[in-house]
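# Close look at the chain arrangement
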Amino acid sequence: TKAIQAALDTEKSLVGSSGAVYKITERIDIDKVGNQTIDWNGSTIITSATLNPAIDIDKKSVNGGTTTMSNLLFEGNNVVVRAIYMESRVVFNS
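First, a word on what this report is: a plain description of the structure on this page. Small disclaimer: the values here were computed from a predicted structure and weren't measured.

### Section: the sheet that holds strand β3 (residues 28-30)
- The three strands lie next to each other as β3-β5-β7, forming an open sheet whose pairing is parallel. Unpaired on one side and paired on the other, β3 and β7 (84-86) mark the two borders of the sheet. Going from strand to strand, the sheet's axes swing by 15 degrees on average, the running direction of each strand aside.
- Taken together, the three bridges between strand β5 (residues 55-57) and β7 define a ladder with parallel strand orientation. Bridging across to β7, Asp56 finds its partner in Tyr85.

See below:
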């Protein structure tokens, strides 16, 4: 979780490893100022932690911006209450 969070906090454009599986144990916050593009590149985020949400996208408190995400599969193992919570503009691509 910490490595993913650190990358999201520092990069405006991020590309995941093709087909990778990222295990998270804590919520991921996507709140970097400005526009941000995240191509998960066919990756899967998996968790067995009870998270609500697992991914929180909130740029309204940091002067806005659009988050564009693509190519992600999320596996919550029937324990995640909410996978993604969006409080700012988000564009999803296949």
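Next comes the rest of the account.
### What to know about the pairing of strand β6 (residues 67-75)
- Bridging between strand β4 (residues 36-46) and β6 involves eight bridges; their strand directions are parallel. Considered in β6, the bridge of Thr44 is made with Leu73.

Parameters and conventions
Residues numbered from 1 in each chain as written. Predicted model: local features only at pLDDT ≥ 70, side-chain atom pairs only at ≥ 80, totals over all residues. Heavy atoms only, no water. Pairing = 2+ DSSP bridges. Helix = DSSP H or I, 4+ residues; strand = E, 2+ residues; numbered from the N terminus. Axes fitted to C-alpha atoms, helices over the stretch in contact; angles between N-to-C directions.

This is a description of form; function is not addressed.
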